[in-house]
Protein chains: 2
Amino acid sequence: MLSEKMLELGTNRSVIRDLFEFGRKRKAEIGEDKVFDFSLGNPSVPAPACVKEAAMDLLENEDEILLHGYTSAQGDAGLREAIAAYINGQHGTTLTADSLYITVGAAASLSISLKALAEEGDEFITFAPFFPEYRVFVENTGSKFVTVDCDRRDFQIDEKAFEAAVTEHTKGIILNSPNNPSGVVITEEGIQNVCRILEEKQREYGHPIFLISDEPYRELVYGDVKVPYLMNYYDNTLVCYSYSKSLSLPGERIGYIAVSDRAVEWRKIYAAICGAGRALGYVCAPSLFQQVVKRCQGQVADVSVYKKNRDILLKALTEYGYHCVKPDGAFYLFVEALEEDAGAFSERAKEFELLLVPADSFGAPGFVRISYCVSTEQIENSLPAFRALARAYGK
Amino acid sequence: MLSEKMLELGTNRSVIRDLFEFGRKRKAEIGEDKVFDFSLGNPSVPAPACVKEAAMDLLENEDEILLHGYTSAQGDAGLREAIAAYINGQHGTTLTADSLYITVGAAASLSISLKALAEEGDEFITFAPFFPEYRVFVENTGSKFVTVDCDRRDFQIDEKAFEAAVTEHTKGIILNSPNNPSGVVITEEGIQNVCRILEEKQREYGHPIFLISDEPYRELVYGDVKVPYLMNYYDNTLVCYSYSKSLSLPGERIGYIAVSDRAVEWRKIYAAICGAGRALGYVCAPSLFQQVVKRCQGQVADVSVYKKNRDILLKALTEYGYHCVKPDGAFYLFVEALEEDAGAFSERAKEFELLLVPADSFGAPGFVRISYCVSTEQIENSLPAFRALARAYGK
């Protein structure tokens, strides 16, 4: 009667969503401030002032028919030029508007890129832990989803494991740094090693292998940490970006795909991306926010609260006896569960009103993810609960 | 190296887009007002006042984090309730928020619905002429795209041809009324006949056949013409809607899918729709415009200019000797080409600075589509050119 696969995807709610719903009910029972919900990756800081200013000005002064009208499928030409200029200024690339395809956010960027590249029998590799929807998007193209575990000590890339996973069927790899859920930023050395292996494998198999960089958290890094720009390390690179986190606009659905102008036959790749967007039912990205984002190039929401939250949590949890992976970016802290089964640990944490996401569905059993994109007050108020939870495990 | 199918979809520009680009160049050569571009279906009237009012008020007064934050994947609950209440008030249905899934416009509504329903070996039927992307969306699910010609005299449904096209593999039919490109509104009798045939075939084959109603032009009808609400005629109905035309917001990408609460196992269908949205990379519809649309339920842009344009064109072209299909809705006039090959006729029309879309790609060779969503001034100024074109063919 209908697609069993789609029914399954639509019925199996994610563990994150389940925890969040549990939290809503629990808050209604015992009070908002008594439940410490660390489940969702929803930005907790407002958009920078330029967003409101731009939107109000556009609504007040622009021709409505143009403002709310269709743009071309690949996005407004002026916006694409502005993004190309911004990327070039930041990273020394030589992109033009012709390399940029504006999308309805990062999920669209990824699903369109994969659809454009995938042929029968292809495989796509990602590094675990990973964002669970990667599996959905890859499998939707009919391709095989392959995961390679990161090094459990620092969650950097395990080169040997990666090298062993690349086969003649590998069409591309998805790299996500800063990483959701670990918060880890892959080092420049790690990037160089991945690119070297890819170059060798391309030569060995005689066909391109694409590096798809999913980087919605690019601007959310703390201290002196640098996120290498992958186009400068590897020619066959596609960058999938979203303004959801940098401009705190997750609901407005706006992002892009940038195809390196050094990729093999990059104009063909770009055309296939246009075709994939069409096939998936995307017409254009929201027109008002295309113009807003054009005016806000280079702006970032004030993300200093995320660093503050990270510092408080990391220090306290380490003191209490937890083993934490130090996050240099994004707004996630990855913590080893205090028993083998992270699901059971997450259940136990609920007794202390702590909502922590077990990382099994991220491909990292034995860990939980703490989303610290919350108020600093919530972080501070939750510390006694974290301490009590540790004590319950004899720490 | 990449998907040949996506490359082809992204490379073959539509004839409409080609004509539009030709028009842009030609206007630069001889002047904006000398070229009569009837190629695009872009609304030419501004959004109703409530759109700007709602957007400005929301930006000014709402919490930014909530306003621009993720909504649930199926859309804001309050918006879904408001739409259900509006539909129920208009059409006497008994929908609730649980039947509504908010989308990034009509193309997304269709591609998600088809993806949710399609199983291996399925066929979907539509009536020619049809919007060319239907083929793309159906074939993207791996299903067979079947077309049934309308009656060439009035472009109403040819029941016998339709009945003959339904097979045991038919999973659904797509019905688009008011129709793009013919402007025809299917009569109530035509709808009743289609539904009767579907009921019989469901019984014969022992499985549901779904009626997918694509109705972005529902509010664009002229005079006393009524557009029957299909859920009231057939239980297994899904309505795909977009605010692009009714609120003149095509670039903002907002619409919905409504699943009839009388459809067989409708909650499962809804769940499969949620799954399909996920698989295609849709996260949620743009959040600001979800709230805008919530405040503008029942509002329609001032579409009286479309009727005025239709009346002027229909009267004049009939006088000049063209055979026109009388459009009761949308903003398209369907005209028989004055030679067998509509492509050649469209080329000839260019000599008179008239840009008319040959309807071959809509599945109706021998006709051209005139989009009259332009200024009345353009309509009036174009009449001598239409007359001269007719004379060139000895009319």
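Everything here concerns the structure above.
So, about the overall build of chain A. Helix and strand content of chain A: 14 helices and 13 strands. For chain A, whose C-alpha radius of gyration is 21 Å, the value lies close to the compact-globule estimate of 21 Å for 395 residues. C-alpha extents for chain A along the principal axes are approximately 60 × 60 × 55 Å. Counting only residues that meet the buried cut, chain A has 61% of its 395 residues in that class. Considering only intrachain contacts with a sequence separation of at least 6, the fraction spanning at least 24 residues in chain A is 75%. Within chain A, the 57 negative side-chain charges are centred at a point lying 3 Å from the centre of the 41 positive side-chain charges.

Turning our attention to the interface of chain B and chain A. In this assembly, 72 residues from chain B lie in contact with 72 residues from chain A. On the chain B side of the interface with chain A, the three residues burying the most area are B:Met1, B:Tyr70 and B:Arg278, jointly 14% of the side's total. The interface formed by chain B and chain A holds four salt bridges in total. The partner of A:Glu60 in a salt bridge is B:Lys52, and the shortest N-O contact between them spans 3.5 Å. Contributions of two or more residues to the side of chain B that touches chain A are made by α1 (4–11), α3 (49–61), α4 (64–67), α6 (106–117), α7 (133–140), α10 (266–279) and α11 (287–295) of chain B. With nine residues, α10(B) is the single largest residue contributor to the side of chain B that touches chain A.

Another aspect to go through is helix α14 (residues 376–392) of chain B. Residues and elements named next belong to chain B. Helix length check: α14, at 17 residues, gives a terminal C-alpha distance of 25 Å against a target of 24 Å (1.5 Å per residue), a fit within 8%. At Ser 382, α14 shows its largest kink, close to 35°, and the proline Pro 384 lies no more than four residues downstream. Burial in α14 covers these residues: Thr 376, Gln 378, Ile 379, Ser 382, Leu 383, Ala 385, Phe 386, Leu 389 and Ala 390. The inward-facing, buried residues of α14 abut β1 (36–37), α12 (304–319), α13 (342–350), β11 (354–355) and β13 (367–371). Positive phi shows up at Gly 394, right after α14, with a value of about 75°.

Criteria and thresholds
Every residue gets a number counted from 1 within its own chain, in the order that chain's sequence is written. Chains carry letters and ligands carry numbers; both start at the beginning, A for chains and 1 for ligands, and go up in the order they are written. Only residues with pLDDT of 70 or above have their local features reported here, since the model is predicted, and side-chain atom pairs are shown and tallied only from 80 upward, although totals for entire chains, interfaces and linings are computed over all residues. With hydrogens and water set aside, each side-chain value is computed from the structure's full complement of heavy atoms. A run of H or I in DSSP counts as a helix once it spans at least four residues, and a run of E counts as a strand once it spans at least two, with each numbered from the N terminus. For the radius of gyration, the atom set is restricted to C-alpha positions; the globular benchmark scales as 2.2 Å times the number of residues to the power 0.38. Each residue is placed in one exposure class: buried if its accessible area under a 1.4 Å probe, protein chains only, is under 20% of its type's maximum, exposed if it is over 50%, and partly exposed if it falls in between. When checking whether two residues touch, look at their non-hydrogen atoms; a contact exists if any pair is within 4.5 Å. Charge convention: Lys and Arg are scored as positive, Asp and Glu as negative, and His as well as the terminal groups of each chain are ignored. Taken as the charge location is NZ of Lys, CZ of Arg, CG of Asp or CD of Glu. Accessible area that two parts lose when put together, evaluated with a 1.4 Å probe and summed over both, is termed the buried area. By salt bridge we mean one thing: a side-chain nitrogen of Lys or Arg within 4 Å of a carboxyl oxygen of Asp or Glu. Residue count minus one, scaled by 1.5 Å, sets the expected span of a helix. The angle between axes fitted to the seven residues ending at a residue and the seven residues starting there is what we call the bend at that residue.

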